[in-house]
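A closer look at the structure
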Amino acid sequence: MSSTSLKADSLAFALLGAAQATTAVRNGTALPQALSQVFAKIQPEPQARGAIQDIAYRTMRQFGRSQALLAMLTPKAPEPPLLHALLCSALALLCADESEGDLPASLPYSAFTTVDQAVTAAASEPSVARAKGMVNAVLRRFLRERAALLQEVMRQPSARWNYPAWWIDAAKAAYPSDWENILAAGNGLPPLTLRVNRRKTTPAAYRQTLEEQGIAVRQIGPDALRLSQPIPVHQIPGFAQGLASVQDAAAQLAAPLLDLQDGMRVLDACAAPGGKTGHILECADVRLQALDNDSQRLTRIAENLQRLQLDADLRTGDAAARDWWDGQAFDRILADVPCTASGIVRRHPDIRWLRRKGDAAQLAGVSRRILDNLWTMLRPGGKLLFVTCSLWPQESEAQATAFAVRNQALRLPAPGQLLPIADQEQDQDGLFYALFEKSER
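Now for a look at the structure at hand.

What counts and how
- Residues numbered from 1 in each chain as written.
- Predicted model: local features only at pLDDT ≥ 70, side-chain atom pairs only at ≥ 80, totals over all residues.
- Heavy atoms only, no water.
- Salt bridge = Lys/Arg side-chain N within 4 Å of Asp/Glu carboxyl O.
- Helix = DSSP H or I, 4+ residues; strand = E, 2+ residues; numbered from the N terminus.
- Pairing = 2+ DSSP bridges.
- Axes fitted to C-alpha atoms, helices over the stretch in contact; angles between N-to-C directions.
- Contact = heavy atoms within 4.5 Å.
- Buried < 20%, exposed > 50% of the residue type's maximum accessible area, 1.4 Å probe, protein only.
- Polar contact = N/O pair within 3.5 Å; in protein donor to acceptor, adjacent residues only side chain to side chain.
- 1 Å grid on protein atoms, 1.4 Å probe; cavity = no way out; pocket = protein on both sides within 12 Å on 5 of 7 lines; lining within 4 Å.
- Points joined across faces, edges and corners; volume = space filled by probe spheres on them.
- Nonpolar A, V, L, I, M, F, W, Y, C, P; charged D, E, K, R; others polar.

Below, the discussion takes up the pattern of salt bridges. Side chains that carry opposite charge are capable of pairing whenever their charged atoms lie near each other. With the rule as written, the count across this model stands at 22 salt bridges. The shortest N-O distance in the salt bridge between R411 and E397 comes to 2.9 Å. Taken together, the residues R411 in strand β10 (residues 410-417) and E397 in helix α18 (residues 397-407) connect sequence positions 14 residues apart. Taken together, the salt bridges that share partners define one network made up of R226, D248, R346, R347, D427 and D429.

Let's shift gears to the sheet that holds strand β4 (residues 244-246). With antiparallel pairing, 4 strands are arranged side by side in an open sheet as β2-β3-β1-β4. If you trace the sheet from one side to the other, it starts and ends with β2 (217-219) and β4, each paired once. Direction aside, neighbouring strands of the sheet carry axes that sit 30° apart on average. Two elements, β2 and strand β3 (residues 224-227), share 3 bridges in a ladder whose sense is antiparallel. The residue bridging V217 from the neighbouring strand is L227, located in β3. Those strands touched by helix α12 (residues 203-212) are β1 (192-196), β2, β3 and β4, and its axis lies near 165° from that of β2.

This part takes up the sheet that holds strand β9 (residues 378-388). With mixed pairing, the 7 strands of this open sheet are ordered in space as β7-β6-β5-β8-β9-β13-β10. Of all strands in the sheet, those bounded by a partner on one side alone are β7 (313-316) and β10. Direction aside, the axes of adjacent strands within the sheet are offset by 15° on average. Two elements, β9 and strand β13 (residues 432-437), share 6 bridges in a ladder whose sense is antiparallel. Note that in β13 the partner of L384 across the bridge is F436. Each of β9, β10 and β13 is contacted by α18, which is oriented at about 10° to β13, the strand it contacts most.

A separate point is the pairing of β3. The side chains of a regular strand alternate between the sheet's two faces. Alternating residues of β3 divide into A224 and R226 and L225 and L227, and every residue in both groups is buried. Pairing of β1 with β3, which is carried by 4 bridges, proceeds in the antiparallel orientation. Bridge pairing links R195 to A224 in β3. Two successive antiparallel strands, β2 and β3, enclose a turn made up of 4 residues.

Moving on to the side chain of S10. Relative to the elements of secondary structure, S10 occurs in the segment before α1 (11-26). A polar side-chain atom of S10 sits 3.1 Å from the main-chain amide nitrogen of F13.

In this section: empty space enclosed by the protein. As enumerated under the stated definition, the model contains 1 cavity of 30 Å³ or more in all. Taken as a whole, the largest cavity encloses approximately 60 Å³ of empty space. Residue lining of the largest cavity: Y163, W167, I182, L183, G186, S342, G343, I344, V345, R346, L391 and P420, and that is the complete set. The biggest single contributor to the lining of the largest cavity is helix α11 (residues 179-186), with 3 residues. Taken together, the residues of the lining of the largest cavity break down into 8 nonpolar, 3 polar and 1 charged.

So, on to the environment of R287. Locating R287 in the fold gives a position in strand β6 (residues 287-292). With 22 residues separating them in the primary sequence, R287 and R265 have C-alpha atoms 4.8 Å apart. Those residues within four positions of R287 in sequence are excluded, and the remaining contacts are G263, M264, R265 and V266. Here G263 takes part through its backbone oxygen, which lies 3.4 Å from a polar atom of the side chain of R287.

Before going further, it helps to examine unusual backbone geometry. In the segment running from E79 into P80, the intervening peptide bond is cis, with an omega of 0°. Here A272 and P273 are connected by a cis peptide whose omega angle stands at 10°. By secondary structure assignment, the location of P273 is in the loop between β5 (265-269) and α14 (275-283). Notably, Q43 is not glycine yet its phi reads approximately 50°, a positive angle. Notably, Q309 is not glycine yet its phi reads approximately 60°, a positive angle. Structurally, Q309 can be placed in the loop between α15 (295-308) and β7. Residue classification places Q309 among the exposed positions, given a relative accessible area of 61%.

Right, dumping it as C-alpha cells:
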C-alpha cells in the first residue's frame with residue numbers, strides 16, 4: 001500500500017502528508033518548502049491540501065510536547081523518521097486542548113478517529129507498515145493515561161513551551177520579565193493583517209467594503225486592518241486589484257520610517273518577498289531598486305508589484321557585495337537583513353526547530369557585513385533603516401549600537417525592539433528597527 005491507496009479526503013491521507021512534511025523539516029527543510037515538495041508529489045485536492053498544511057503547522061507548534069511524550073511512551077525513539085513524525089502529528093491532534101492558545105479545544109476529529117486513521121496511515125506506507133500495531137498501542141496508551149502523562153511531561157520546559165531548551169534560556173536571558181509572554185505569543189495563531197493601498201483607497205473606505213461583505217475587521221495601525229477570522233486571499237474583496245496586501249502590522253512601520261520624498265533614489269536590500277517593496281512604492285513616487293540574492297524570490301516580488309500596478313528595478317545580487325551597484329548613491333536604504341527570524345515564529349513555527357544556538361552569532365556577522373557595505377552606498381544626508389525580525393539582542397540592539405560607533409552614524413528615533421503582541425488593540429510580530437543618518441561632512 002502507499003499514500004495513493006488512501007482516500008484523499010481522509011484524515012489518514014492528511015496525517016501521512018503532514019508526517020512527510022515534518023520528516024523533511026527534521027532533515028533541515030523549511031516547512032513551506034517541505035509542504036510544497038509533498039504537494040508536488042501527491043497532488044492533493046484543495047481540501048486535502050488544507051488539512052495537510054493545518055496538521056503540519058499544528059505538529060510544529062507542539063513538537064516539543066509530542067517528542068517528550070514519545071520518550072515516555074516508547075523505550076527508544078521510533079524509527080524510521082516517518083514513523084516518529086506520524087506519531088507526533090497524531091499526538092498534536094490528541095493534545096489540541098492542552099496548547100497555549102494555539103488550537104481550538106474542539107477539532108473535527110474525535111480521539112477514536114485520530115487513532116484509527118493514524119494506524120491506517122501507517123499501514124498504507126511500506127516503510128512503517130510493520131509498526132502499525134505500535135502506533136495503535138502508543139496512541140491508545142496515551143488516551144488511557146492522558147492526564148497523568150501530561151502532568152508529568154509539562155514539568156519539562158521544552159514540553160511546556162514547545163521550544164528547544166536553548167531558545168527558552170535565550171528568551172529568559174534577554175527578557176527576564178517578558179519571556180513567558182513572548183514564548184506564549186510565538187505559539188499563537190498569527191492574524192491575517194492587511195495593508196491598505198492608499199494609492200487606490202483609504203483605510204476607512206476599505207474597511208467599509210470589507211464589513212459590507214460580512215468580514216469583521218479592526219484597525220490596528222495607520223494602514224493596518226486585522227481580520228477577525230483569516231480567510232483565503234482570493235476571497236478578500238479587491239485583493240486581486242491591489243486594494244490591499246497581506247502584511248503584519250509591525251512590518252508596516254518600515255516604509256513610513258524612511259521619510260520618503262518623491263524622486264528619491266531608494267534601495268530595498270534583501271527585498272524578498274516584497275511586502276516592504278510594495279509599501280515603499282505606495283508611499284511615494286521614488287526610483288526604487290529591489291535587491292535579493294535569490295532570483296526565484298525576485299519573481300515573487302514582480303508578481304506582487306504587478307498586482308499593485310507598481311514598478312521597481314529588480315536585481316539579483318548579494319547585499320554584502322558591490323558587483324550589482326552602478327556607483328550612484330542612494331537617498332534611502334532599507335536593510336532588512338538576514339536573521340534567525342525568532343520574532344516571527346507564530347507564522348513560521350518550524351524555525352525554532354531548524355535554528356541552532358550558534359545561528360544568531362553567525363547571522364549577526366552576515367548582517368554586519370551587509371550594513372557596512374550598504375552604508376558606503378548611501379549619500380551624505382541620506383538615511384538607512386536597519387530591520388530584523390529577530391528577538392535576540394545580538395542581532396538587533398547590539399548590532400545597531402556597534403554599527404553606529406563603527407560608522408560614526410547618527411541614530412535617529414525609531415521603535416527599537418518590538419515584542420510580539422496579540423490583544424484587542426495591537427497584534428504584531430517581533431521586529432527591530434534602528435534608523436541612521438549619514439553625516440554631510
